[in-house]
Amino acid sequence: MDLTYAACKLLLFFLLIFRTSHQCCATGINANQTAWLFVNVSENPPRKIPNTMFGISFEEINHSGAGGLWAELVSNRGFEAGGQNTPSNISPWSILGDESLIFVSTDRSSCFDRNRIAPRMEVLCNTDGGNMCPAAGVGVYNPGFWGMNIEQGKTYKVTFYVRSLQPIEMSVSLIGSNALQKLATADIIDENVTNWTKKEILLQAAGTDPNSRLQLTTRKKGTIWVDQVSAMPLSTHKGHGFRQDLFNMLADLKPGFIRFPGGSFVEGEWLVNAFRWKETVGAWEERPGHFGDVWQYWTDDGLGYFEYLQLAEDLGALPVWVFNNGISHNDQVDSSVILPFVQDILDAIEFARGDPTSTWGSVRAAMGHAEPFDLRYVAVGNQDCGNKNYRGNYMKFYTAIKGAYPDIKIISNCDGSTRQLDHPADLYDFHVYTNANSMFSMAHNFDHNSRSGPKAFVSEYAVTGNDAGRGSLLKALAEAAFLLGLEINSDVVEMASNAPLFVNANDWRFNPDAIVFDSSKVYGTPSYWMQHFFKESNGAILLNSKLQANSSSSLIASAISWKNPDSNRSYLRIKVVNFGSNRVSLKVSVDGLDKNSIEVAGSTITTLMSSNAMAENSFSEPKKVAPTTSQLENASNRMNVVLAPYSLTSIDLLRKSNIVQVAGCNAALCTSL
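What counts and how
Residues numbered from 1 in each chain as written. Predicted model: local features only at pLDDT ≥ 70, side-chain atom pairs only at ≥ 80, totals over all residues. Heavy atoms only, no water. Helix = DSSP H or I, 4+ residues; strand = E, 2+ residues; numbered from the N terminus. Rg over C-alpha atoms; globule rule 2.2 N^0.38 Å. Buried < 20%, exposed > 50% of the residue type's maximum accessible area, 1.4 Å probe, protein only. Contact = heavy atoms within 4.5 Å. Areas by Shrake-Rupley, 256 points an atom, 1.4 Å probe, with all protein chains shown as cover. Lys, Arg positive; Asp, Glu negative; His and termini not counted. Charge placed at Lys NZ, Arg CZ, Asp CG, Glu CD. Pairing = 2+ DSSP bridges. Axes fitted to C-alpha atoms, helices over the stretch in contact; angles between N-to-C directions. Parallel < 35°, antiparallel > 145°, perpendicular 65-115°, else oblique. Left-handed = near helix turned anticlockwise from the far one by under 90°. Nonpolar A, V, L, I, M, F, W, Y, C, P; charged D, E, K, R; others polar. pLDDT = per-residue confidence, 0-100. Salt bridge = Lys/Arg side-chain N within 4 Å of Asp/Glu carboxyl O. Polar contact = N/O pair within 3.5 Å; in protein donor to acceptor, adjacent residues only side chain to side chain. 1 Å grid on protein atoms, 1.4 Å probe; cavity = no way out; pocket = protein on both sides within 12 Å on 5 of 7 lines; lining within 4 Å. Points joined across faces, edges and corners; volume = space filled by probe spheres on them. Arc of directions from axis to C-beta. Phe/Tyr/Trp six-rings, centres within 6.5 Å; stacked < 30°, edge-to-face > 60°. Lys NZ or Arg CZ within 6 Å of the ring centre and 35° of its normal.

Caption draft 1: Fine view of the overall build of the protein. A count of helical and extended segments in the protein gives 11 helices and 34 strands. Taken over C-alpha atoms, the radius of gyration comes to 29 Å for the protein, in line with the 26 Å a tight globule of 673 residues would show. Projected onto its principal axes, the C-alpha positions of the protein cover 105 × 55 × 45 Å. For the protein, the proportion of its 673 residues judged to be buried stands at 59%. Counted over contacts in the protein with a minimum sequence separation of 6, partners at least 24 positions apart contribute 76%. Working note: accessible area of the protein is about 26,000 Å², and carbon and sulfur atoms make up 50% of it. The average position of the 55 basic charges and that of the 66 acidic charges among the side chains of the protein differ by 6 Å.

Caption draft 2: Inspection of the sheet that holds strand E26 (residues 522-524) at higher detail. Taking strand neighbours across the sheet as the criterion, the three strands line up as E24-E25-E26 in an open arrangement whose pairing is mixed. Each having just a single partner strand, strand E24 (502-504) and E26 make up the two edges of the open sheet. Between one strand axis and the next, the sheet turns through 20° on average, direction left out of account. Judged from the three bridges that link them, strand E25 (residues 515-517) and E26 form a sheet pairing that is antiparallel. Bridge pairing in E26 places isoleucine 515 opposite glycine 524. Contacts from helix H2 (residues 244-251) reach E24, E25 and E26, with the element oriented near 15° to E26.

Caption draft 3: Looking closely at the packing of H2 against helix H4 (residues 305-315). Closest axis-to-axis distance for the H2/H4 pair is 10 Å, and the angle between their directions is 60°. Accordingly, the angle class assigned to the pair H2 and H4 is oblique. Considering the relative orientation of H2 and H4, their crossing is right-handed. Contact residues: H2 offers Phe247, Leu250 and Ala251, while H4 offers Leu311, Asp314 and Leu315. In terms of residue class, the contact of H2 with H4 is made up of five nonpolar, no polar and one charged.

Caption draft 4: Main features of the sheet that holds strand E12 (residues 197-204). What the five strands build is an open sheet, ordered E5-E6-E14-E9-E12; its pairing is antiparallel. In this open sheet, the two edge strands, each paired with only one partner strand, are strand E5 (102-107) and E12. In this sheet, adjacent strand axes meet at a mean angle of 30° when their direction is disregarded. Taken together, the four bridges between strand E6 (residues 118-123) and strand E14 (residues 222-233) define a ladder with antiparallel strand orientation. If you follow methionine 121 over to E14, its bridge partner there is isoleucine 224.

Caption draft 5: Region of the structure containing the confidence of the model for the protein. When pLDDT is averaged across the protein, the result is 92; 92% of the residues are at 70 or more. Segment residues 1-30: pLDDT under 50, and 61 contacts once partners within four positions in sequence are set aside and those in other chains are kept.

Caption draft 6: Fine view of the pattern of salt bridges. Using the criterion set out here, one finds 31 salt bridges in the structure. One salt bridge connects lysine 278 with aspartate 344, and the closest N-O pair in it is separated by 3.4 Å. Highlighted residues: lysine 278 in the loop between helix H3 (264-267) and strand E16 (290-292) and aspartate 344 in helix H5 (residues 339-353), separated in sequence by 66 residues. Taking relative accessible area as the criterion, lysine 278 reaches 25% and is therefore assigned partly exposed. The salt bridge involving aspartate 652 is made with arginine 573; its shortest N-O contact spans 2.9 Å. Highlighted residues: aspartate 652 in strand E34 (residues 647-655) and arginine 573 in strand E29 (residues 569-578), separated in sequence by 79 residues. Through salt bridges with shared partners, a single ionic network connects Lys157, Lys198, Glu200 and Glu285.

Caption draft 7: Expanded view of the side chain of glutamate 536. Mapped onto the fold, glutamate 536 is located in the loop between helix H10 (526-532) and strand E27 (541-548). Separated by 3.0 Å, the side chains of glutamate 536 and arginine 573 make a polar contact. Excluding its chain neighbours within four sequence positions, the residues that come into contact with glutamate 536 are Lys254, Ile560, Trp562 and Arg573.

Caption draft 8: Region of the structure containing the side chain of serine 212. Tracing the chain through its elements places serine 212 in strand E13 (residues 209-218). A residue is classified by how much of its surface remains accessible, and serine 212, at 1% relative accessible area, is buried. A distance of 2.9 Å separates a polar atom in the side chain of serine 212 from the backbone oxygen of aspartate 209. If sequence neighbours within four positions are ignored, serine 212 has contacts with Pro143, Gly147, Met148, Ile150, Ile175, Gly176 and Leu183.

Caption draft 9: Representation of unusual backbone geometry within the structure. Residue alanine 499 is joined to proline 500 through a cis peptide bond whose omega torsion reads -10°. Here proline 500 is to be found in the loop between strand E23 (493-498) and E24. Cis geometry marks the peptide bond from asparagine 511 to proline 512; its omega dihedral reads 0°. Following the sequence through the fold, proline 512 ends up in the loop between E24 and E25. For phenylalanine 79, which is not a glycine, the phi torsion comes out positive at approximately 65°. The topology assignment puts phenylalanine 79 in the loop between strand E3 (56-57) and strand E4 (94-96). One non-glycine residue, glutamine 228, lies in positive phi territory at about 45°.

Caption draft 10: Seen up close, the layout of surface pockets. Within this model, the largest pocket holds a volume of roughly 640 Å³. For the largest pocket, the lining is made up of 26 residues, of which Trp70, Met232, Gly239, Trp284 and Glu307 are closest to its centre. When residues of the lining of the largest pocket are traced back to their parent elements, those giving at least two are strand E9 (155-164), E12, E14 and H4. Taken together, the residues that form the lining of the largest pocket break down as nine nonpolar, nine polar and eight charged.

Caption draft 11: Up close: the pairing of strand E18 (residues 318-323). Burial analysis of E18 places six of its six residues in the buried class, the great majority of the element. Of the two faces of E18, the one lined by Leu318, Val320 and Val322 and the one lined by Pro319, Trp321 and Phe323 are each fully buried. Here strand E15 (residues 257-260) runs beside E18; their pairing, made up of four bridges, is parallel. Following the sheet pairing, phenylalanine 257 is matched in E18 by leucine 318. In this structure, E18 lies alongside strand E19 (residues 377-380), joined through four bridges in parallel fashion. Directly across from phenylalanine 323, in E19, lies its bridge partner valine 380.

Caption draft 12: Summary view of helix H6 (residues 359-366). Trp360, Gly361 and Arg364 are the residues of H6 that are buried. Buried positions in H6, seen along its axis, are confined to an arc of 105° and lie on one side of it. Turned more than 90 degrees away from the buried face of H6, the exposed residues are Thr359 and Ala366. On the buried face of H6, the contacting elements are H4 and H5.

Caption draft 13: Expanded view of the packing of aromatic side chains. Counted under the stated rule, the structure contains 31 aromatic pairs. Centre to centre, the rings of phenylalanine 260 and tyrosine 308 are 5.0 Å apart; their planes meet at 10°, and the pair counts as stacked. Of this pair, phenylalanine 260 sits in strand E15 while tyrosine 308 sits in helix H4, and the two are 48 residues apart along the sequence. The pair formed by phenylalanine 260 and tyrosine 308 is uniform in burial state, with each residue classed as buried. Ring-pair connections join several aromatic residues into one group, and the members of that group are Trp277, Tyr305, Phe306, Trp321, Phe323, Phe351, Trp360, Phe373 and Phe397. In this arrangement the basic side chain of arginine 163 is found over the ring face of tryptophan 225, its NZ or CZ atom lying 4.0 Å from the centre. Lying across the ring of phenylalanine 619, lysine 521 places its NZ or CZ 5.0 Å from the centre.

What follows is the structure, given as structure tokens:
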């Protein structure tokens, strides 16, 4: 060590006496000022970040599932959205042909006990005679969710049920947005459909149109009933029904968990419209669907309890199931009569985890999943702590679940970050929606919390309001700072997820969101790309880091050690948010790591930044604000890094050795360093 370096280090030691914080510090920098970051890889004891630390929260909001991740192309598949009284509204289905050619009504003649509504098409025209049908036929069509994305060369499975007292001659077609181009068509001729008959057709598209529709037509006079009409692309993820491009956006985040299905969607404005899991399992034709009265749209519940569990498994994430505890926004069940609701949840856990010969485990097995799902977390309600019956109901659920499944971790809605909970829980739920400055300052929210007791599950966090726009860089940076604080406090915070996750650009019910899509396109907002900086943190080792500068509040940093499972190579990662409008020269010093142990060729620097803090992505510029990665030419245990204004920077130092020599480090932790 030369004398100049030793003198500088001694001076910095005395500066640190006056301004340090354990592992992290936020600081504000004047223009052209310098900051110092000290990382110690040999300080004892090392601390492992939970494998579940960063995940995703999925809610049926903004048509995230229906018309989104769930790849079903038909909206109001079972004609039930208009209610059980007849005549009923079959929207968005429309009629092809005027009143002199066809009369369409609804009755309760369906063969499905829980889905009694079926449209009745009385065809008044014919193939010949005085009232001839048009060449294209008459019937009904469905535009899907703001257009069906039909792609040339891809195959679509159309399924529907039909009944008629006469032989039928029908056409099933995928039609382009001009209502003229037939992208795919098939004819169905059947001499005997006096009983409800299931029809399945594979249609291969001869063209591409993101605003297509599905048509059922005929030119033969008579009366035809149809029901439960589905159109699904065969290209869904593993054939499990998930739209592949949207699934990929989730998988790329490597989430440690997925929370589902909400959110307020779980509660409902009224209990009659709450999510009921038993109504969402079994054959899709037999699911009644329900009106989500919080977000004001109908869902056929093709994306049901089973599919959520399957989604978690496909993502390699642990499922976190949020269930209704007898409380909605406007009504609630008294604790004295809550036991039937408790039994319903025990049945749900048996469905997920039970032996395939058990009552509800056999239902799961019949759906094609004999092996149990890995359900370890359940949340008792959503934002219900202030309701008068919550604690009474909670204790009934808690006692019953722990009695039958003692290993399941139970999450309370009551915030335990500011006061001790008055009831048992493994975790407590914490939600925060605020402006950018407040979110940035909340990086220290858990610094002084008790290190014993239930851990926090930050299941919903987001910057909202003017700072957020429709997904600004400023929003992403404030959230990144908050996540750095959670990462540093991962001994008391076990899980965190941004919300909402998805938005269909045609139904922006809640703004902003992480991922924006329409029928054919998708892009991530800066907040989505920000979360990529944290996906290697799950299961990583948190390192001691101290940030030093001249004043307070615009920088925050953390450091981890992580291993790439594909290459089996180890890295030291430093993440820094510059929430200020000036460039900062950051001098990084890593103690306990020799400069010869770093491979410059494999070390990188990744930044998320823009010249405009309010910059957003869009369909026309999907990566206007996205991470950029380059080789870190001066990678060393002593280096200088320039932080751009309003930026998130990640420095990955590739190490030549997979093991750091840490005094007193146990074998399990050392091998993961």
